[in-house]
Each structure stands twice: as structure tokens, then as C-alpha cells.
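The primary structure of each chain is shown beneath.
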Amino acid sequence: MNIKIQGGGSGTYANTGSCTGVTTYLQHEDLERMKNGREVQPFFNNSRDYISAQEVTFKIDNNKAKLSRNDAKFYVITVSPSSRELEKMGKTEKEQAEAMRRYVRDDVMQHYAEGFGKGLNKEDIEYYGKIHFERKGADRYDMHAHIIVSRKDRSNTRKLSPKTNHTGKKNCGNVKGGFDRTDFFRKCESSFDRRMGFDREPEESFDYLNAVKNGSPAEIARQVERAERIRKEKWDKLKAELQSRQE
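Residues numbered from 1 in each chain as written. Predicted model: local features only at pLDDT ≥ 70, side-chain atom pairs only at ≥ 80, totals over all residues. Heavy atoms only, no water.

Caption draft 1: Local environment of unusual backbone geometry. For Lys66, which is not a glycine, the phi torsion comes out positive at approximately 65°. Within the secondary structure, Lys66 sits in the loop between helix 3 (53-61) and strand 2 (74-80). Even without glycine at this site, Asn156 takes up a positive phi of about 65°. With respect to the helices and strands, Asn156 occurs in the loop between strand 4 (141-153) and helix 6 (181-196). (Helix = DSSP H or I, 4+ residues; strand = E, 2+ residues; numbered from the N terminus.)

As C-alpha cells, this is what we get:
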């Protein structure tokens, strides 16, 4: 499961002004799907499945009390399952989209809320998701979701920045303890595996891939050793089951 938190700069995810550019971008495949008689996935949030782009823009743009002109107003979380993970989410586009909405609502956004250490739940987060079935510019099936998340909570009183590093301290200015992105990614992966009954290969895990990309030689070696151990344990368990059936 590839999950990214984006926002900033001057490109698609510029986030110091209105979110109009993002909501417009996220509708890029709708027209083509309508032309082909295929179902379009509208924006959704924690409790509703059918939300217009106009409402999304209005809600996000007006949930910014006490933010300065140059402050981030929102972030975008992208949730991209692998082809193997998609197979566990359902056999049809409709089944996979329904599974994605449940996963975003009950797992991703709950872990996101908890990650700030402020006693928040998913109901406290102002967010709007949009499911895509293809990558822009790529002619292949690749279902994923984008989630626009307000910088402020739904009460418009607390600042929430997933780009603020976790410090391990209970009080760190306006952001109590920051946001632990590594823990967030790890929890999202773990809850996906439980929810979908997905038997993840160790080389597919966040810890393994993160170590290979960003870790020291020692960290990479630990993950390789862990992968070998897990694979051996699975093989030993399978052999024991086969022997038990033959007896």
C-alpha cells in the first residue's frame, strides 16, 4: 500500500490558497467515464457518498480560521493499492470502490486523526475523498483515492499539520507532539491487511521498502533478515500442515 501526504509548492497540490485547482484536477477522468457510460465516483466524506466539487471547495476554503495568507490550508493524501491488494478488495470496480471508501473512512482517517495525539477521531477531521480508476496519462486500470484534508479540524479551532515532525514530547507549541508519519503509514498497512485478509509478503511491507529506500546498511540488513525469517516460518507452517493432512 503506497500512501503519500502531499501539499505545497506551486504545482497541482499548491495549498496556501483555494483548493479549486485540486478539486478541478480530481475530476479529470469523470467526463471520459460519463462518455463511455461508466459510473463516476463523486467526492465522499466520513458520512456521505455524494458530494459536489462546489461543496468540497466551499467547505475547505472556509475552514481556515486564524491561518495566515502563507499558511497551508489543506493537504492531499493519496492511497494507492498494489495490483495484489486490489484483488483482495473485490472482483469488480464497484466492489473495490466500496472497499476503498470503507478503508479510507474507518482506517486511514482514523489513524490520521489519532496521529496528532490530541484525542481526535475521524469524525473530527474535515476531509473529502475521490476515487480514480486510472492514472492520468496512463491507459491502464489502477484504482486509487485522493483525499483533500483541511489544515483545521471540523470545529475550525485546531491546526493539524501532518508535515510537522513528531517530537515525542507531549507539548510542542501549537502542535502537541507533531505527527508521526512513519507510524501512520505502518498502521494504515496493518489495518488494511486485517480488514482485507491480505497475506503480505515481507518485501511488500512499509518497513522493508522504507529501509531499502531511506535506511542505513544496518537497517536494510535487519529487514532482509526479518523477511527471510518470516518466509521460513511460513514455509515451516505449510510443511507442518501438509504432514498433518497425510497422517
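Caption draft 2: Structural view of the nonpolar core. Ranked by size, the top nonpolar core spans 38 residues in total, and within it Tyr103 and Met109 carry the most contacts. At the level of elements, strand 1 (2-6), strand 2, helix 5 (93-114), strand 3 (125-134), strand 4 and helix 6 are the ones that each hand at least two residues to this core. When residues of this core are assigned to their parent elements, the largest contribution, 9 residues, is made by helix 5. Apart from residues no more than four positions distant in its own chain, Met109 is found in contact with Ile77, Val104, Lys122, Ile125, Tyr127, Ile147 and Val149. In this structure, Val22, Val56, Val76 and Ile148 belong to the second largest nonpolar core, which totals 13 residues. (Core = buried A, V, L, I, M, F, W, Y, C linked by side-chain atoms within 4.5 Å. Buried < 20%, exposed > 50% of the residue type's maximum accessible area, 1.4 Å probe, protein only. Contact = heavy atoms within 4.5 Å.)

Caption draft 3: Broad picture of the side chain of Asp30. Looking at the element boundaries, Asp30 is found in helix 2 (residues 30-35). Among the polar contacts made by the side chain of Asp30, one reaches the side chain of Lys130 at a distance of 2.9 Å. Other than its neighbours up to four places away in sequence, Asp30 contacts Val40 and Lys130. (Polar contact = N/O pair within 3.5 Å; in protein donor to acceptor, adjacent residues only side chain to side chain.)

Caption draft 4: Inspection of the pairing of strand 1 at higher detail. Here strand 1 shows a buried face lined by Ile3 and Ile5 and an unburied face lined by Asn2, Lys4 and Gln6. Here 5 bridges tie strand 1 to strand 2, and the two strands are oriented antiparallel to one another. Residue Gln6 lies in a different strand from strand 2, and its bridge partner there is Val76. (Pairing = 2+ DSSP bridges.)

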